[in-house]
Amino acid sequence: MAPPRNVVKIAVQMRDAIPQLIQLDQAKPLAAVLKEVCDAWSLLHSERYALQFADGHRRYITENNRMEIKNGSILCLSTAPDLEAERLLGGLQSESREGRREALRHLVLLAPDMTFAQEVISRDGLQRLGTIIEDGDDLGEVLALALRAFLELMEHGVVSWETLSIPFVRKVVCYVNMNLMDASVQPLALGLLESVTLSSPALGQLVKSEVPLDRLLVHLQVMNQQLQTKAMALLTALLQGASPAERKHMLDYLWQRNLRQFIYKNIIHSAAPLGDEMAHHLYVLQALTLGLLEPRMRTPLDPYSQEQREQLQALRQAAFEPEGEPLGAGLSADRRRSLCAREFRKLGFSNSNPAQDLERVPPGLLALDNMLYFSRHAPSAYSRFVLENSSREDKHECPFARSSIQLTVLLCELLRVGEPCSETAQDFSPMFFSQDQSFHELFCVSIQLLNKTWKEMRATQEDFDKVMQVVREQLARTLALKPSSLELFRTKVNTLTYGEVLRLRQTERLHQEGTLAPPILELREKLKPELMGLIRQQRLLRLCEGTLFRKISSRRRQDKLWFCCLSPNHKVLQYGDVEEGSGPPVPESLPEQLPVADIRALLTGKDCPHVREKGSGKQNKDFCELAFSISYDHGEEEAYLNFIAPSKREVSFHLWTDGLSALLGSPMGSEQTRLDLEQLLTMETKLRLLELENVPIPEQPPPIPPPPTNFNFCYDCSIAEP
């Protein structure tokens, strides 16, 4: 019989004793369980013992976590946490260095357990560890163990970091600033200072003043991944705790000291894989650096600022005024103002006064910064963009200024400029560390991409929002690939054309609908023959209805009509001339007949004899796309019946070529057949799956279970009941 649900079968072990296999009743008090275990081993004073998990961090079993014990768990009997804490803290006072080291080792092993940590903290264990750290008598393993135990105990949150004394923090700072220090000590000291900086603003200022940035740069350049990670953690903590002005000053200094280049070459592209913790700190560093753009993004243009007016004029002059040729020399002031307003319109501003366009926040002045950067660092691309679009008269011009303003908003959204840092995110972009002025450089690539996409879409001003949606998708998809450099980003984003975006959207839509799942694909393959039969039937019916064709004379004059149709029994093609303006004739009245059995082949395009006889001019190329012919036996000779479809946009060309192919037993390979088949497959698949709506379809069919060992359960219907 199965045991009750609140009873679990476990093993309990103890050093130098045979393990016990017991059934633990979770409803029984833990003290009673301990008493039974101790009695089985003839141990007195069961209150001096406790149960621990035998694996992992050897956590103590309490009434709060006892439900984590499952069937098959292995526990061990050990000293009670209060007695163990008392014993280890006593060991810290040992005169023997080896005794202190051994006590610290056990303390580090048990410190992650909350029950044990509370016992240590209640017995002033943090103060005793703090004394060891402040004294610094042993700068090797003892100090490292003391720091690790201190950190583990503080992580439980029982004691606030703000309670630490200034002398203690300064002593830890000394360990960070020392040149000759044990490699195991400095990462722990850096980690402790990071926690202090993030938790206590007052002590964080002390750390900031005592730990120079140059010292952190030295730690970052040491080829020790753990030390690099902890140094980066303290650096980002100091940056997060600084005011915006201080943060800008600190980051400017770090970039001047080539921190970006070092991160890119020696951390991102290191031979060792990048750890999750370092990836998070690089994300924070990227977010804080991009956050420096927020004030410009939130500040609208001031129309009374002389500097900003000069920047706008510089933008206009770079596009429309060759060097050394001032605007409107000799013109009146009113005429010059009118000319300036017209040129600002050509630049793509919505208003003749560009200040009105830049009053919107975001992007505020950041859009102007981007436009100026593009005009100064890529002058040829800037001039080509503006002049190419300002001189167009077909309503397909791409407005540079309006596009730049919206693109700046888009980049700020994609890069989360101004948003607070996530505590867990790791999605930094390696490209950010490969380039100075990465945001402005990214804009330069993106604005040229926008112009390229605008041309591919043949967009007008009414399509502006649609173009921006496509550009957003192009940028977001490429950024998600995490290109390692700006050049690689440029290459990848330029290969993601408008047509490719449409293809990806279609594929993702099909995946979302489940139409690309293996079982669905298998169903579609089974449906294809039946649906192709429907399409074949429809094509033959259209041939039976017949079509009016125009005869093409030698001078390309389409002045005569003729009619062709298929007989209802699909045996004969009937055709003949008809008068202009008259309706389709009765098939029996058509004078000419061609038995289907005499048809040899269907020819299209350049293979048709009436196309080969003509020249290779442009007009002939147009007719070539509409031409098809039937070759048939006429006595002992081969003859041709030539057709010119009314228009390829009309379906008559595809209907007739498909229908004739079906008559000849050839596959129907037109584009129209492919579209019709896809539409029918989609509709039929959805109808078949209506009853499975919201039911997940597995990628693979479930395995067939093995047959039963006997079939005695079968009922023999031949046996009559009494």
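Residues numbered from 1 in each chain as written. Predicted model: local features only at pLDDT ≥ 70, side-chain atom pairs only at ≥ 80, totals over all residues. Heavy atoms only, no water.

Scanning the chain from terminus to terminus reveals 30 helices and eleven strands. Its C-alpha atoms give the chain a radius of gyration of 41 Å, more than 25% over the compact-globule value 27 Å for 722 residues. Residue burial in the chain is summarised as follows: out of 722 residues, 44% are buried. The contacts in the chain between residues at least 6 apart in sequence include a share of 65% that link residues at least 24 apart. Only carbon and sulfur atoms are counted for the fraction: they give 52% of the accessible area of the chain, which is about 39600 Å². Measuring between centres, the 81 positive side-chain charges of the chain sit 5 Å from its 94 negative side-chain charges. (Helix = DSSP H or I, 4+ residues; strand = E, 2+ residues; numbered from the N terminus. Rg over C-alpha atoms; globule rule 2.2 N^0.38 Å. Buried < 20%, exposed > 50% of the residue type's maximum accessible area, 1.4 Å probe, protein only. Contact = heavy atoms within 4.5 Å. Areas by Shrake-Rupley, 256 points an atom, 1.4 Å probe, with all protein chains shown as cover. Lys, Arg positive; Asp, Glu negative; His and termini not counted. Charge placed at Lys NZ, Arg CZ, Asp CG, Glu CD.)

Taken in spatial order, the four strands of this open sheet run β2-β1-β4-β3, and their pairing is mixed. Each having just a single partner strand, β2 (20–25) and β3 (49–53) make up the two edges of the open sheet. Neighbour to neighbour, the strand axes of the sheet diverge by 40° on average, direction disregarded. Here six bridges tie strand β1 (residues 7–13) to β2, and the two strands are oriented antiparallel to one another. Bridge assignment links I10 to a residue of β2, and that residue is I22. Strand contacts of helix α1 (residues 30–40): β1, β2, β3 and β4 (74–79), with the helix running at about 100° to β3, the strand carrying the most contacts. (Pairing = 2+ DSSP bridges. Axes fitted to C-alpha atoms, helices over the stretch in contact; angles between N-to-C directions.)

Together, L692, V695 and I697 give the surface a local cluster of nonpolar side chains, amounting to about 220 Å² of exposed area. By the element assignment, I697 lies in the segment after α30 (671–688). (Patch = residues over 30% accessible without salt bridge, like charges linked within 9 Å, V, L, I, M, F, W, Y side chains within 5 Å. Salt bridge = Lys/Arg side-chain N within 4 Å of Asp/Glu carboxyl O.)

A separate point is the domain arrangement of the chain. Assigned domains within the chain: domain 1 (7–79), domain 2 (83–292), domain 3 (298–320 + 337–508) and domain 4 (529–675). The C-alpha-based centres of domain 3 and domain 4 are spaced at 52 Å. (Domains from an automatic or database assignment.)

Our next topic: the packing of helix α11 (residues 225–241) against helix α12 (residues 244–256). For the pair α11 and α12, interaxial distance at closest approach is 8 Å and the crossing angle is 145°. Residues L235, L238, L239 and Q240 of α11 form the contact with α12, whose participating residues are R247, M250, L251 and L254.

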